[in-house]
Amino acid sequence: MSKLVFVGTIGPGLQALEYAGRSGHDTVLVHSPRYDFFLSSAQRAQARELAGRVVELDDVHDTAAVLDALRAAGIDPSGIDAVLTTMHMCTVPTARLAQALGVPGCDPDAVLAAKDKARCRRILDAEGIPNLGHGEGQGPDELLAAADRIGYPVIVKPATGVGKVSTAVARSAADIRALFAAAERAAGTVEPGVAAELDGRFVVEELAVGPLYSVEVASDGRIVTPLVVVRRKTGRDNPVLELGSTVPCGLSAAQEREMGDYAVRICRALGLGLGVFHVEIIHTAHGPRLIEVNPRVSGGALPDLVAAATGRNLFEVLVDLFSGHAAPAEPFPPLACASHSFLTAETDCTVRTDLPTDWFEALRPRLHSGWTSIRPGDRLRRMEGNFDIYGVVRAVAEDVETAERTCDALTAEIEKTLGVRLTPAAPSERTAR
Ligand SMILES: Nc1ncnc2c1ncn2[C@@H]1O[C@H](COP(=O)(O)OP(=O)(O)O)[C@@H](O)[C@H]1O
Ligand SMILES: [Mg+2]
């Protein structure tokens, strides 16, 4: 049995708290109301129920204050075996707390390097790992100079941003100027917890062309294993938008291994020690190219997709790693083919008012799993990023084509039922064939 301190949690991460409790570990949740917007009120209540103890404080970035709060709650820091998190914004505080306590974790500087898209690219270059052309800047002039050097089109994104806030393709200098002005406005409108991640720096990158994948990499500090490669669905008109995922990823065994090896090489180069890491990669004509590394397990709907396809739970691996288990030696073998699509709006729109309130239930028999928050008459915001998702439909089948086609048929039917246009996904090479 271990004493595990969780710093914050995302909704899906409740599975980690639940599993830790079920496995007999003693759990403490360090909770900051600053990140409450990540959870529904029901999830917040559930987190309190699942955690053995809850310690509340405003700023989890202040390590000394976290230690004081733990002590004030009667928790002896010397009895803590590990500190972990499922929340992106808490990865640095988690690493710092682990370091202060002298328990296993990630080097805080490695976490900072992973979160900094500019620094991460420089590390790849220094290590000779295949990389995309890149540059960094604070203002439009520096960004324009970098884009000229790289050549248009480029991707521009905040160096430390999340959730697609202010990430866009720029095809000209005018695009970069417009993007920069929009980014300044956006920084003022996002949740303070998201805005706090931004530091005014942007990266300009060569646009990678090809399908997007992500790899969940487990590391116990010694064994580093790519657990699963996931194919990501992206927007037909805007490749920055992520619209769902499929497992298995559809690559040949050799290509999947190449992808996994590339992700592992990057995690090792960054010095990420203990945990499950989420590495996003585009498979270009020249081979895999890094998009970004998240120094934490995938959030969102992806862990449930992996569980549907492999029977393995990423959050359980995470808890096992932090309670002293070795990383799995092999990737998760696939058991079934699973695909899901997000319900997101192509434009600002209003859902039919004469929609039955239980409209989603009619789809249930054809779903493996799914949810929606959409109700009659709801106004939906045009999808700008990960914070504009109104539901998910997931299908499991014996083959990937059937799973993906089922998702496509379900989303087409949902468009008709709601009377709105959902964001169109780029056709996958498989289903397009
Ligand atoms: N260099 C690039 N080339 C092509 N697409 C990119 C590139 N960088 C980002 N993207 C697209 O934009 C999305 C968001 O970028 P990412 O760096 O993952 O930021 P976020 O932290 O917001 O997820 C990616 O999932 C990918 O679809
Ligand atoms: Mg990303």
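Residues numbered from 1 in each chain as written. Chains lettered and ligands numbered in written order. Predicted model: local features only at pLDDT ≥ 70, side-chain atom pairs only at ≥ 80, totals over all residues. Heavy atoms only, no water.

## What to know about helix α13 (residues 400–418)
Phase 1 of the analysis: Over its 19 residues, α13 extends 27 Å from the first C-alpha to the last, a length consistent with the 27 Å expected when each residue adds 1.5 Å.
Phase 2 of the analysis: Those residues of α13 lying buried are V400, A403, E404, C407, L410, T411, I414, E415 and L418. Down the axis of α13, the buried set is contained in an arc of 140°. They therefore lie on one face.
Phase 3 of the analysis: Measuring from the backbone nitrogen of E401 back to the side-chain oxygen at the start of α13 gives 3.3 Å, which picks out D399 as the cap. (Helix = DSSP H or I, 4+ residues; strand = E, 2+ residues; numbered from the N terminus. Expected span 1.5 Å × (residues − 1). Buried < 20%, exposed > 50% of the residue type's maximum accessible area, 1.4 Å probe, protein only. Arc of directions from axis to C-beta. Polar contact = N/O pair within 3.5 Å; in protein donor to acceptor, adjacent residues only side chain to side chain.)

## A few points about the pattern of salt bridges
Phase 1 of the analysis: Tallying each qualifying case throughout the model produces 26 salt bridges.
Phase 2 of the analysis: D116 serves as the salt-bridge partner of R201, at 2.8 Å between the closest nitrogen and oxygen. With R201 in the loop between α9 (192–195) and β8 (202–206) and D116 in the loop between α5 (108–115) and α6 (117–127), this residue pair connects regions lying 85 residues apart in the sequence.
Phase 3 of the analysis: Exposure remark for R201: the relative accessible area of 15% places this residue in the buried category.
Phase 4 of the analysis: For R421, the salt bridge identified is with E415, shortest N-O distance 3.6 Å.
Phase 5 of the analysis: For R421, a relative accessible area of 46% puts it in the partly exposed group.
Phase 6 of the analysis: Using a relative accessible area of 18% as the deciding quantity, one classes E415 as buried.
Phase 7 of the analysis: The structure contains a network of salt bridges with shared partners spanning D116, R122, E136, D199 and R201. (Salt bridge = Lys/Arg side-chain N within 4 Å of Asp/Glu carboxyl O.)

## Notes on the sheet that holds strand β18 (residues 391–397)
Phase 1 of the analysis: Ordered in space as β13-β12-β9-β10-β11-β14-β18-β16, the 8 strands form an open sheet in which the pairing is antiparallel. The open sheet has two edge strands, β13 (287–294) and β16 (369–372), and neither has a second partner. Ignoring which end each strand starts from, the neighbouring axes of this sheet average 25° apart.
Phase 2 of the analysis: Pairing between strand β9 (residues 212–220) and strand β10 (residues 224–234): 8 bridges, direction antiparallel. Bridging from a neighbouring strand, V217 pairs with P226 of β10.
Phase 3 of the analysis: Lying over the sheet, helix α12 (residues 314–322) contacts β9, β10 and β12 (274–284), oriented at roughly 135° with respect to β12. (Pairing = 2+ DSSP bridges. Axes fitted to C-alpha atoms, helices over the stretch in contact; angles between N-to-C directions. Contact = heavy atoms within 4.5 Å.)

## So, the domain arrangement of the chain
Phase 1 of the analysis: Examined at the domain level, the chain breaks down into domain 1 (3–103), domain 2 (106–132 + 208–335), domain 3 (133–206) and domain 4 (337–433).
Phase 2 of the analysis: Computed over C-alpha atoms only, the centres of domain 1 and domain 3 are separated by 32 Å.
Phase 3 of the analysis: Taken together, the contact between domain 1 and domain 3 spans 4 residues of the former and 5 residues of the latter.
Phase 4 of the analysis: The largest per-residue losses of area from domain 1 upon contact with domain 3 belong to F37, H88 and M89, which jointly make up 83% of the total buried on that side.
Phase 5 of the analysis: Viewed at the interface, domain 3 and domain 1 are joined by 0 salt bridges.
Phase 6 of the analysis: Between domain 1 and domain 3 we count 0 residue pairs in polar contact (both at pLDDT 80 or more) in total.
Phase 7 of the analysis: A class-by-class count of the residues in the side of domain 1 that touches domain 3 yields 3 nonpolar, 1 polar and no charged. (Domains from an automatic or database assignment. Buried area = accessible area lost by both parts, 1.4 Å probe. Nonpolar A, V, L, I, M, F, W, Y, C, P; charged D, E, K, R; others polar.)

## Quick look at unusual backbone geometry
Phase 1 of the analysis: A cis amide bond links Y152 to the next residue, P153, at an omega of -5°.
Phase 2 of the analysis: By the secondary structure assignment, P153 is in the loop between α7 (140–150) and β6 (154–158).
Phase 3 of the analysis: A cis amide bond links V247 to the next residue, P248, at an omega of 0°.
Phase 4 of the analysis: Along the chain, P248 turns up in the loop between β11 (242–247) and α10 (253–270).

## Considering the packing of aromatic side chains
Phase 1 of the analysis: This structure, assessed with the given rule, holds 3 aromatic pairs.
Phase 2 of the analysis: Between the aromatic rings of F180 and F202, the centroid separation amounts to 5.3 Å while the plane-to-plane angle is 55°, which identifies the pairing as tilted. Of this pair, F180 sits in helix α8 (residues 173–189) while F202 sits in strand β8, placing them 22 residues apart in sequence. This pair shows no difference in class: F180 is buried, exactly as F202 is. (Phe/Tyr/Trp six-rings, centres within 6.5 Å; stacked < 30°, edge-to-face > 60°.)

## Section: the nonpolar core
Phase 1 of the analysis: By size, the foremost hydrophobic cluster in this structure holds 35 residues, and its most contacted members are F6, V319 and L321.
Phase 2 of the analysis: Breaking this core down by element, the ones donating at least two residues are β1 (3–7), α1 (14–22), β4 (82–84), β10, β12, α11 (302–310) and α12.
Phase 3 of the analysis: It is α12 that contributes the most residues to this core, 7 residues altogether.
Phase 4 of the analysis: The two domains that each donate at least three residues to this core are domain 1 (3–103) and domain 2 (106–132 + 208–335).
Phase 5 of the analysis: If we skip the residues at most four places from it in the chain, L321 touches A218, S219, D220, L274, G275, V276, A326 and A327.
Phase 6 of the analysis: In terms of nonpolar packing, the next biggest core, distinct from the first, is built from 31 residues, V215, V229, V264 and I281 among them. (Core = buried A, V, L, I, M, F, W, Y, C linked by side-chain atoms within 4.5 Å.)

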